[in-house]
Amino acid sequence: LDTGCEATTIYIYTRPTRAMASLGRRGGVLFLSRRLNDLTSSHRSTQSQTARRDKSAYGFGQQWTGALSRGADGLFVEEAPELKPDEIQQFGLRQEMVPLLGLEGDERVIDASAGWGHSVVVVQQNGSTKTKLKVCGRPHDFQTLLRLRRLPDVVQNFCIQHTMNDTLSPSIFQSIASYLVGENEVTQNEEAYRQYSNMPTLLELRLPFGECPALSGDCVPKRATDQNDESTDAGPLHRTFHNTIATSAGLTAVISNTGSLYTFGLNHRGQCGTGEFGPNVWRPTQVRGLGSIRSILDHGAPSDNLFKDFQKQQHPIVSVALGLQHGIALDSAGQVFCWGKGERGQLGLGRRFASEDNDAASQDVEEEPNQNRTFEYALKVAHFYDPTKSATKNDTYAPVLSEEDSRIRLVAAGMNFCFAVTESNLPYIWGKSILPNPNYSQDGLNVRTSPVQDSTYPRFVPGLPPGLR
């Protein structure tokens, strides 16, 4: 079970197939194996109206975003509205689901994820090992979704109907609708905008260089850099892929079968990590900076910004997660990288001062220059302090874990924070409002003080039982 901002993810494992539900802010997707056809009576009633498909994607929620892939004519019909918990509990109602349309022939859904206004599925044809990435809804949209949601139904339907166009010469109605939802002529005149901004039915997006989406559980391929790179002394920690697709508010990340990490979507805050700021990254583009400092210095081309221009990857990426406007990735060697908005410590680039461990340590220390900055490329999260050691009076920073102990096993992202668990079984969290504020009091004298505060560096979370994996 995984929860986020008004979202829940449920994993149901069966033999020999797997089912997963990932519910986004404006809708959800669910893919089911044939063995789960009797999950609910409503599910059976839905299937009686639609041909069965082994391992298809099903969903429920608001259809006007297009995230349920019901086609242009299905945007204005609520076939499976989301039920509130009290409706399910008090009235015994069951959540209805509808199948996502757009699968071709004998395609079957292998993996799925739902963002705030779009859905992403990985499909595979029977008898083939090749996978495809398909997307529906509004994968490059966030603010427009919020504006549309606040409009009256009649105005909302008008805007949805007339903003879905693929012409360079919009009609007067299309111009009015675009004005109401805040779209502008610059993006409207882009061919990619007309092709990818509104997709009411699943559409295939191809990865560069003929690569295909990786599948969770598949073996991670070896790269030439893995065998020749001296910047990592230890061997690979991860030999299989973990979480290979992730979605957020107008943002998508996908790991290819070669271990390359690609993103597309909104990019005002550099949340795509492609080395540039801009309104949108329309097609899957590789994230930059995915290497340690030593590796980038050894293998990066001469440049004014080695990290920004580092287009290679030191090791294959095995897991990715997305927050609201930032991302986190894990490579096969156990290294963690973050990119995007970092104004509240979401990227974990700060360091723990020795003064936090020892009152006698020097307090006259300048802050890390990068700890609250936003980056349009990935940077390694390196400063995992050792909770078992204390700083001395002469230390500026708290002692950190050894390179072996700081290798990461699991990563996750919330709306404005990140989480990681080391191979030595130590959990760390960093980002916005994740720890108690020691200066806060409830006597009413400091009403402007928040009871919680941010952490710009990975902060150890005590309480996990030793030996628990």
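It should be noted that the structure appears before, not after, this text.
Procedures and definitions
- Throughout, a residue's number is its position along its own chain's written sequence, starting from 1.
- Under the rules for a predicted model, residues below a pLDDT of 70 receive no local features and side-chain atom pairs below 80 are neither given nor counted, while totals for whole chains, interfaces and linings still include all residues.
- The basis for every side-chain value is the complete set of heavy atoms in the structure, and neither hydrogens nor water enter the calculation.
- Think of a nonpolar core as a cluster: buried Ala, Val, Leu, Ile, Met, Phe, Trp, Tyr and Cys residues, connected wherever their side-chain atoms sit within 4.5 Å.
- The buried label goes to any residue with under 20% of its type's maximum accessible area, the exposed label to any with over 50%, and the partly exposed label to all in between, with areas taken from a 1.4 Å probe on protein chains only.
- Starting at the N terminus, helices and strands are each numbered in turn, a helix being any DSSP run of H or I of at least four residues and a strand any DSSP run of E of at least two.
- Residue contacts follow a heavy-atom distance rule, with two residues in contact if any of their heavy atoms lie within 4.5 Å.
- When DSSP locates at least two bridges between a pair of strands, those strands are taken to pair.
- Note on geometry: axes are lines fitted to C-alpha atoms, helical ones only across the stretch in contact, with angles between N-to-C directions running from 0 to 180 degrees.
- In the analysis that follows, any N or O atom pair within 3.5 Å is treated as a polar contact, provided that within protein one partner can donate a hydrogen and the other can accept it, and provided that, for residues neighboring in sequence, both atoms belong to side chains.
- Classification of ring pairs uses Phe, Tyr and Trp, with its six-membered ring standing for Trp, and accepts pairs whose centres are within 6.5 Å; under 30 degrees between planes counts as stacked, over 60 as edge-to-face, and the remaining range as tilted.
- Our arc is simply the arc of the directions from the helix axis toward the C-beta atoms.
- Any residue with relative accessible area above 30% and no salt bridge may belong to a patch, with like charges joined within 9 Å and the nonpolar Val, Leu, Ile, Met, Phe, Trp and Tyr side chains within 5 Å.
- A 1.4 Å probe and the Shrake-Rupley method give the accessible areas. Residues count as covered only by the protein chains that appear here.
- The term salt bridge refers to a side-chain nitrogen of Lys or Arg lying within 4 Å of a carboxyl oxygen of Asp or Glu.

Trainee: Whenever I open this one, the nonpolar core confuses me. Can you help?
Mentor: Grouped burial of nonpolar side chains is what soluble globular proteins tend to show. Core analysis: the biggest nonpolar cluster contains 60 residues, and Leu133, Leu261, Ile328, Trp339 and Trp430 have the highest contact counts within it. Per-element tally for this core: the top contributor is strand S15 (residues 317-322), with five residues. Setting aside anything within four residues of it in sequence, one finds leucine 133 in contact with Val120, Val121, Val122, Leu203, Glu204, Leu205, Leu207, Pro213, Val254 and Phe264. The next biggest cluster of nonpolar side chains, apart from the first, holds nine residues, and it includes Val109, Val123, Cys136 and Leu202.

Trainee: Would you mind showing me how to read the sheet that holds strand S19 (residues 408-413) here?
Mentor: For sheets, the rule is that strands pair by backbone hydrogen bonds, running either parallel or antiparallel. Across the sheet, four strands lie side by side as S19-S20-S21-S22; this open sheet has antiparallel pairing. Where the open sheet ends on each side, the last strands, each with one partner, are S19 and strand S22 (452-460). Going from strand to strand, the sheet's axes swing by 20 degrees on average, the running direction of each strand aside.

Trainee: For this particular structure, what's the right way to read the pairing of strand S12 (residues 251-255)?
Mentor: For a regular strand, side chains alternate in direction, first toward one face of the sheet and then toward the other. Along S12, five of the five residues are buried, which leaves the element largely enclosed by surrounding structure. Of the two faces of S12, both are covered, the one formed by Leu251, Ala253 and Ile255 as well as the one formed by Thr252 and Val254. In this sheet, S12 lies alongside strand S11 (residues 245-248) in antiparallel orientation, the contact comprising four bridges. Note on S12: the bridge partner recorded for alanine 246 is alanine 253. Linking two consecutive strands that pair antiparallel, namely S11 and S12, is a turn of two residues; a positive phi of about 65 degrees is found at glycine 250 within it. Alignment of S12 against strand S13 (residues 261-266), held across five bridges, turns out to be antiparallel. Bridging from a neighbouring strand, alanine 253 pairs with threonine 263 of S13. Here S12 folds back onto S13, and the loop between the two strands holds five residues, one of which, glycine 259, carries a positive phi near 90 degrees.

Trainee: What is the right way to read the side chain of serine 248 from this model?
Mentor: In this structure, serine 248 sits in strand S11. Within the structure, serine 248 has its side chain in polar contact with the backbone oxygen of glycine 323 (distance 2.5 Å). Each residue touching serine 248, except ones within four places of it in the same chain, is listed here: Gly115, Trp116, His118, Leu322, Gly323 and Leu324.

Trainee: How should I be thinking about the sheet that holds S15 in this particular structure?
Mentor: Read across the open sheet, the four strands follow the order S15-S16-S17-S18; overall the sheet is antiparallel. Of all the strands in the sheet, the pair left with one neighbour each is S15 and strand S18 (375-380). When the angles between neighbouring strand axes are averaged without regard to direction, this sheet yields 20 degrees. Pairing of strand S16 (residues 326-331) with strand S17 (residues 336-340) involves five bridges; the strand directions are antiparallel. Bridged to leucine 330 within S17 is valine 336.

Trainee: Where do I start with the packing of aromatic side chains in this structure?
Mentor: Between two aromatic rings, the relevant description is the distance of the centres plus the angle of the planes. What the rule picks out here adds up to eight aromatic pairs. On the numbers, 5.2 Å between centres and 80 degrees between planes, the contact of phenylalanine 384 with tyrosine 428 is edge-to-face. Taken together, the residues phenylalanine 384 in the loop between S18 and S19 and tyrosine 428 in strand S21 (residues 427-436) connect sequence positions 44 residues apart. Residue classification places phenylalanine 384 among the buried residues on the basis of a relative accessible area of 2%. The interplanar angle of 75 degrees and the centroid separation of 6.0 Å between the aromatic rings of tyrosine 385 and tyrosine 457 together place this pair among those described as edge-to-face.

Trainee: Hey, could you run me through helix H3 (residues 143-150) in this one?
Mentor: Helical geometry note: an α-helix holds 3.6 residues per turn, so side chains three or four residues apart project in the same direction. Listed in full, the buried residues belonging to H3 are Thr144, Leu145 and Leu148. An end-on view of H3 places all buried positions within 100 degrees of arc, on one side of the element. Residues of H3 that are exposed and angled more than 90 degrees away from the buried face: Gln143 and Arg150.

Trainee: Hey, could you run me through the pairing of S18 in this one?
Mentor: Taken across its six residues, S18 has five buried, putting it largely inside the fold. Here S17 pairs with S18 via three bridges, running antiparallel. Bridged to glycine 340 within S18 is phenylalanine 375.

Trainee: In this structure, what is going on with the environment of threonine 388? I would like to understand it.
Mentor: Mapped onto the fold, threonine 388 is located in the loop between S18 and S19. A polar side-chain atom of threonine 388 sits 2.6 Å from a polar atom in the side chain of aspartate 386.

Trainee: Can you walk me through unusual backbone geometry in this structure?
Mentor: Most peptide bonds take the trans form, and the phi angle of most residues other than glycine is negative. One non-glycine residue, asparagine 425, adopts positive backbone phi at about 70 degrees. Of note, asparagine 425 is situated in the loop between strand S20 (417-422) and S21. With relative accessibility at 12%, the residue asparagine 425 sits in the buried group. The phi angle at serine 433 is positive, at roughly 50 degrees, despite the residue not being glycine. As for its placement among the helices and strands, serine 433 is situated in strand S21. Classification of serine 433 as partly exposed rests on a relative accessible area of 34%.

Trainee: How do you make sense of a nonpolar patch on the surface when you look at a structure like this?
Mentor: On the surface, Ile172, Ile176 and Leu180 cluster together into a nonpolar patch covering about 260 Å² of accessible area. Along the chain, isoleucine 176 falls in helix H5 (residues 172-181). The exposure class of isoleucine 176 is partly exposed, given its relative accessible area of 38%.

Trainee: Would you mind showing me how to read the environment of arginine 70 here?
Mentor: With respect to the secondary-structure elements, arginine 70 resides in the loop between strand S5 (56-59) and helix H2 (85-91). For the pair arginine 70 and leucine 100, spaced 30 residues apart in sequence, the C-alpha to C-alpha distance is 6.2 Å.

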